[in-house]
Each structure stands twice: as structure tokens, then as C-alpha cells.
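Summary of structural features
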Number of protein chains: 2
Amino acid sequence: MTARTPNYDFRLALGARVRTSPFFDATVAAGVTHFTVYNHMLMPVTYGDPAGEYRRLRESVAVWDVSVQRQIEVRGPQAHELAQLLSTRDLTGMAVGQGKYAPMCDHQGRILNDPLLLRAEPDAYWFSIADNDSLLWARAVGNERALDVEVRELEVAPLAVQGPKAEDTVAALLGDWVRDIKFFHYQPATVEEIPLLVGRAGWSKQGGFELYLLDPARGTDLWNRVMEAGEPYDIGPGAPNYIERMESGLFSLRTDAPDDADPFEVGLGRWVDIDSDVEFIGKEALAAKAAAGLQRELVGVFIDGEGIPPAIRPWPVFCDGRAVGTVRSTAHSPWLEANIGFAFVDAPANRPGTRLQVDMGNERRWATVTPLPFSPDARP
Amino acid sequence: MTARTPNYDFRLALGARVRTSPFFDATVAAGVTHFTVYNHMLMPVTYGDPAGEYRRLRESVAVWDVSVQRQIEVRGPQAHELAQLLSTRDLTGMAVGQGKYAPMCDHQGRILNDPLLLRAEPDAYWFSIADNDSLLWARAVGNERALDVEVRELEVAPLAVQGPKAEDTVAALLGDWVRDIKFFHYQPATVEEIPLLVGRAGWSKQGGFELYLLDPARGTDLWNRVMEAGEPYDIGPGAPNYIERMESGLFSLRTDAPDDADPFEVGLGRWVDIDSDVEFIGKEALAAKAAAGLQRELVGVFIDGEGIPPAIRPWPVFCDGRAVGTVRSTAHSPWLEANIGFAFVDAPANRPGTRLQVDMGNERRWATVTPLPFSPDARP
């Protein structure tokens, strides 16, 4: 028995059940080495240079194939009504081209997805979903309420351009007008007759854009044009970065919390409009949860000791010998020069400064609770 | 450019978002080399000896970690009512311990899952689901209709024992009484205090059992006891076998057909009880489809030429120069001594004997339509 988690190395079996992205050939040509599966589709995770991929995201610009952010479209005369029922945000007055981070909850207030919701057309809303089949949820609700809508998954593939040089890159690709695009706003664009929506968004805190490819046959063309536009800015291939997203306190559905968590427990309470006048699924249960206060919470932890392996299974955590939850993501942060993790723990072990023990399998480590997002000043 | 599909070789990135099975450690110890992701969980695909894994399934006995067949439980005073709404089978009179192959359809008659449904207790039904989040579908319908039920995913992990020596193996493990278990019937059992349900079922036509592990902490123990029981019968690790299941004509959700297919189009029409007295979701739409007749169909194809690579993306197929559908699974069958595939094609190209051209990327092959399941006598 070693004192460390085994260094697992498995191959990925391929087959038509797991879909390839429109950028698949381009990512293979760019040297992708590791994939995961997300929304029944292959997602590149690394091109074999994790340090370089992290550096480019924080210092220059990175391109990510995030086609796995599938777009679930609700379209029809009652599209607004269904979109509102499915979202914990007040969608009143949402403009065409505007996006909102809009958690979805079930009737019991459990979070079931946390999409970016875009009003793509007056009668069409697109949910850019995390890893589950929200399509089924939306179809069930729409049909059970006999709403006049069609719900389907679109052949739309987001490509993310992220990092401090992302704006220069996308401006070189599409024109300086993109510098005026506001956060979470999307506009139509074309490059070499490739139809796109371009929006300022992305799953990092380094700034950037998402290019929604509207013609799946043009994936390689778009990838290559973006790479050419970013060449002066040290562009390179990457993927949603598990270190940076933790440093920035960004929530990852399924990774960070059990399936019965609610938005308040995972830090999404500010995107739950329980005081609005609109009706949405789960509103009553969420109001009761808000009134009751937090029994569990997703918090940051600084973990003692040398470099830490990534948690591939939730690791139990203990406070004063009592099991209080799990650590579900870990990384060594170059920015913070510390081991960090996300822990989902029972109150009162969520209090900043609480000392926890993390059971990594064959080794236990001490850790210190800290608020999210992480701050260098909070290091113990 | 080569004349063949590239021989892709990618690694699998690991993380807590994709769950490990209770048998994970045992499968690693047994030498698993390739995984896929199914229902947000790692599923072993091969242990590096595909020929041996196929042979044991057809000639002796194989053990498969199929924990990814997640059990969605519907429990409560109105469990029967919800289970019936979700199933295209007439569930009237279903006994405790009895299972039924029970497709689930949406209101438009599109197939959304094809579970084995088990009546586990008088007020509890378990859906053993294929690869999608039917949990969300079941919860939405139950909540929208305000039924008195709880819907959840259980910590239950199926282990399949399949092949002509599966009965001898399970009898050696649990006793000769298991030989009397009828097809699709389940009974409680224990071995070394490991709580199980044992049923005669499994995703092959070679016969066998499923052991539902009810205590996820005992995965390695159960795996080892099964391996010991099967040792005299040439037991070995394996996985749901993509060759044998094609030979046997078993349907694979997502792999074989587009998401808008209906049960008739994929050969599941005999499990749609449109003439029964019970109400279920999609019944009206399915009756209309049955009356209209097949416009598309999942058929077998014998593919000409030498050994064929597996299709990792749907391959377009043509009839008289016209695009008529896709081939979505292919294999060389040792039993049939032929290349076989599943094709989803428009009528009338579904007629047995129709000659099709399959576009494998950089190579086209001729193929001949044949009814499912495959028969050696049907070879062209």
C-alpha cells in the first residue's frame, strides 16, 4: 500500500453512443491527449501540457472546445412561459441577445442544472447546459402543462476563447466592434461565411468570449481561423481549467456537491429570485430553505502538505473526529502557491478557519476552511 | 490520407464528476484497460483481451461491472400509478420480484429509455436505465401530477454474470435454488452477509444472471466471491459485448438510432401495449405511429470486404446514390464470419436484400440489408 492515490491511467473506449464534437478533428490535429464525457459527448481535457494550458489562460489566450455545453432550445408562442418556469431567475424584460446565469431547480428546490440562458429570438430561449439531460426535464414540464412550445437540442457548438488576450483575438477574427459586447450578451457574426453567435462569456474569471458555431460542418474552419487570429497573442489549445475555476470559485455541477444540494448550499443563492413576482418551479421550497438557513455549504479549503493528487472520488472529511462531508475537487494552485479544494460540509464545519481532516484513502491531511472565491490573503 | 478510420488512442481524464462504481477497485485489480462513461459513471469496456472476452461470453462465463445501469426508484402510495404512466407496457398484475422490459416514451412517442423495470416491493418500482437522466423525467411527471411518490436514484450496483456457465457459477455462489429462477425474476439472497437481489437477466443472449449489490461497500468482496465460484468454469472479466449484442440484435439506446426515434422504428414495438386499457405517456402518439406504418427502421447489414473498424461516428449510407440514413455500429462477427452493422435507414431501403453503400470516411463499402437478429442463413 502506498501513501498516495494510485496514478490511474486508462484508455477511453470510443463508439457512436458518445458523440464527437464538430471540433473533434481539429482537437485531434492539435494533439488532444485526454478526454472526458459530458452530456454524452467527448470533451477535450488536456493536450498534454497542463502547465502551459494554465499559463496561457491566465496570461495570454486559450481556445476550448466546449461543444458539450449543449443548447436546449425552448421555442414557440409560450417559450417565455416555459423558460420562466424552468429558471430561478426573474426573466421579465430579458432582451433578445441577452444571457443570464439561471439555475434550474426541481419542485423540491434541488438544483438540477446551472445554465447560461440566452434569449436567442423573441420566441426562442437557449439553455447552455451543464452535464445532465435537462432536455427531458424541459420536455416533461412543457408537455405536462400543455404549453405551446417545442423543446429540442440544437446542432450548435460553443467554442470558448478565454484569457486576457481573448478580446484582441476575437477582435482580430471578427472586428473591433466585438470590444463593445457587454458581459453575457450575444450577437450574430460571420467569418468566411461561417455563421456564429458571439458573446462575452465563458467558464473562467480571466475574461473572454464564446463563439457559438451554428453550422456543425464548419468546426475545423472556425478552429483554424481562431488559431490564426490569436497567433500574435500566444494562443494555444486548452480546456475548462480545473485549477483556475477552483481559484475563481466557479461551481461545477455534479463535481462539487451531491445531487440533492440546493442553490444556497453551493453559493448560487444570489441567482434565486424568491422575492420576485414570477412563478417558477421550486420557488416555494426554495423560500422555505432560505428561511431555514444553511445546514450544509460548499466552501474552499487550503490543504496542508506537499503537492496533492486530484480527487477522483469524493474524499471524506472529518471535524473533531466526526464525518462532516466530502472534498470533491483538489489541485495545487500556482497563483495561490497552495493546495486548494472544494469541500461540501455540514454546518458549523463550514465556518472559515475550521480545521478539517481529509481522508485521501491511505493518507490524511489537515485542511483549513476558507470562503469562496479563494484569496491569497486568506491563506493560513 | 489513409483509406481507413484513424486508429484513435486517447486517455480518459478522471474526476469526481464522473462516478466510480462499487466494483471499481476490483476491475482495476483485474486489469481493466478501457472505460467509457455511462450515466455519469465509469464503465469498464475491455480488459485488453477482446477475443478472450467474446469467447468466454459465448463458451463459458463472463463477469461484467454494469453498475452504470442505475436504479431509479419510484416509491410511495402512488408508485404503481407513476410507473405505469412512464412505461409503454401494461403493468397490471405485476408481481413483486417480477421484471419487465419496459420502454419509456415521451408525449410525442419518442423513445427516451428502455429499462428493465422491476417491482421490488409492493410500493416500489425500480427502473434499470440505459444512458440518460430518466430520473429527471420521472421526477417532473410525478411532481407535475402531484403524485404521492418519491423518485430517487438508489445506491444499487448490478453485476452481470453472463454465458452458458453463468448458471453453474451463480449456483456455486448462492446454491442450486437459483436454477429455478425464471427469466426476468429477482429474489433476495446473501453471500457472506453481502445483501443482494439475484435475477435471471442480462444484456446478452447467452443466458445469465444479474446480482444487484445492495451494499456499495462490499463491491470487491462480491466480485471476488463470484470469481472464485466461477473459477472451475473458466470465468473471466468482461463487459457488455458490442459484438455479441449486435449478433443477437439487442438494441443500444443512443448508439443505434437518433434521439427522435420511436419504439417501432428500433424493433421494440412488441413492448408497446397500445391495445391495453392502461394509460401511459405517449400512448396516443404511438397509436398514430403504429397506424401510419414505418418510415424508418433499424436493420442489420452485412458489410462486404475485409475486417472493419468500429464506427465511432455515424457513417452515412446511400441507396442508389441517395442518402438514406446512417450505420452506427459495426463489428466483425466471429460467429457469422462476416462484417456486421446496425443501420438506421429510411423506407424502402430497410427491405431485406437492399444493397447500400456505407461511407466510412475515406472508403466506401457495399452492404446488404438483413433482418434483426442476424442469422447465418441470411448471409449474402
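Below is a summary of the structure that appears in this document. (Residues numbered from 1 in each chain as written. Chains lettered and ligands numbered in written order. Predicted model: local features only at pLDDT ≥ 70, side-chain atom pairs only at ≥ 80, totals over all residues. Heavy atoms only, no water.)

**Considering the overall build of chain A**
Counting secondary structure elements, chain A contains eight helices and 22 strands. Relative to the globule expectation of 21 Å for 380 residues, the C-alpha radius of gyration of chain A, 21 Å, shows essentially globular dimensions. For chain A, the C-alpha atoms occupy an extent of roughly 60 × 50 × 40 Å along the three principal directions. With 380 residues in all, chain A has 61% of them scored as buried. In chain A, the share of contacts with a sequence separation of at least 24, taken over all contacts with a separation of at least 6, comes to 66%. In the form shown here, chain A has an accessible surface area of approximately 14,500 Å², with 49% of it arising from carbon and sulfur atoms. Looking at charge distribution, chain A has the averaged site of its 37 positive side-chain charges lying 4 Å from that of its 53 negative ones. (Helix = DSSP H or I, 4+ residues; strand = E, 2+ residues; numbered from the N terminus. Rg over C-alpha atoms; globule rule 2.2 N^0.38 Å. Buried < 20%, exposed > 50% of the residue type's maximum accessible area, 1.4 Å probe, protein only. Contact = heavy atoms within 4.5 Å. Areas by Shrake-Rupley, 256 points an atom, 1.4 Å probe, with all protein chains shown as cover. Lys, Arg positive; Asp, Glu negative; His and termini not counted. Charge placed at Lys NZ, Arg CZ, Asp CG, Glu CD.)

**Considerations on the interface of chain B and chain A**
Opposite the 49 residues of chain B that make contact, chain A presents 49 residues. Carbon and sulfur atoms supply 55% of the area buried between chain B and chain A, which totals about 5,200 Å² over both sides. There are twelve salt bridges connecting chain B and chain A. Between D106 of chain B and R139 of chain A there is a salt bridge whose closest N-O contact spans 3.9 Å. (Buried area = accessible area lost by both parts, 1.4 Å probe. Salt bridge = Lys/Arg side-chain N within 4 Å of Asp/Glu carboxyl O.)

**Observations regarding the pattern of salt bridges**
Applying the stated criterion across every chain yields a total of 62 salt bridges over all chains. With its nearest N and O atoms 2.9 Å apart, the salt bridge here joins D131 of chain A to R17 of chain B. With D131 of chain A in the loop between strand 10 (124-128) and helix 4 (134-144) and R17 of chain B in the loop between strand 1 (11-12) and helix 1 (24-29), this residue pair bridges two chains. When its relative accessible area of 3% is taken as the criterion, D131 of chain A is described as buried. By relative accessible area, which is 11% here, R17 of chain B ends up buried. Between D262 of chain B and K289 of chain B there is a salt bridge, with the nearest N and O atoms lying 3.8 Å from each other.

**Structural notes on the relation of the copies chain B and chain A**
Applying a rotation about an axis and a shift along it to one chain copy brings it onto the other copy. Superposition of chain B onto chain A requires a rotation of 180° combined with a translation of 0.0 Å along the rotation axis, giving an RMSD of 0.0 Å. Seen this way, the second copy is the image of the first under a two-fold rotation axis. Of every C-alpha in chain B, the one belonging to R11 of chain B sits nearest the axis of rotation, 2.2 Å from it. Looking at chain B, 100% of its interface residues are interface residues in chain A too, so the copies touch through the same face. (Least-squares fit on C-alpha atoms with pLDDT ≥ 70 in both.)

**Some points on the packing of helix 5 (residues 166-174) of chain B against helix 6 (residues 219-230) of chain B**
Geometry of a packed helix pair, given as the angle between the helix axes and the separation of the axes. All names here are of chain B. Across the interface, helix 5 lies against helix 6 with an axial gap of 8 Å and an inter-helix angle of 115°. In the packing of helix 5 onto helix 6, the handedness of the crossing is right-handed. In contact with T169, A172 and L173 of helix 5, helix 6 contributes R225, V226, A229 and G230. Split by residue class, the contact of helix 5 with helix 6 holds four nonpolar, two polar and one charged. (Axes fitted to C-alpha atoms, helices over the stretch in contact; angles between N-to-C directions. Left-handed = near helix turned anticlockwise from the far one by under 90°. Nonpolar A, V, L, I, M, F, W, Y, C, P; charged D, E, K, R; others polar.)

**Focus: the packing of aromatic side chains**
This model, assessed by the stated rule, comprises 22 aromatic pairs over all chains. Centre to centre, the rings of F10 of chain A and F35 of chain B are 4.8 Å apart; their planes meet at 80°, and the pair counts as edge-to-face. Residue F10 of chain A is found in the segment before strand 1 (11-12), and its partner F35 of chain B is found in strand 2 (residues 34-38); the two belong to separate chains. Neither F10 of chain A nor F35 of chain B differs from the other in exposure class; each is buried. Between W126 of chain A and Y212 of chain A, the ring centres sit 6.4 Å apart and the planes meet at 10°, which makes this aromatic pair stacked. A residue pair is termed long-range when its members are at least 10 positions apart, and W126 of chain A in strand 10 and Y212 of chain A in strand 15 (residues 208-213) qualify at 86 residues. Residues W126 of chain A and Y212 of chain A agree in their burial class; the two are buried. An aromatic cluster of at least three residues, connected via ring pairs, comprises Y8 and F10 of chain A together with F24 and F35 of chain B. Across the ring face of F342 of chain A, the terminal group of R245 of chain A is positioned such that the distance to the ring centre comes to 4.8 Å. The residue whose ring lies beneath R364 of chain B is F318 of chain B, and the NZ or CZ to ring-centre distance is 4.2 Å. (Phe/Tyr/Trp six-rings, centres within 6.5 Å; stacked < 30°, edge-to-face > 60°. Lys NZ or Arg CZ within 6 Å of the ring centre and 35° of its normal.)

So far we have only geometry, and geometry alone does not tell us how the molecule works.
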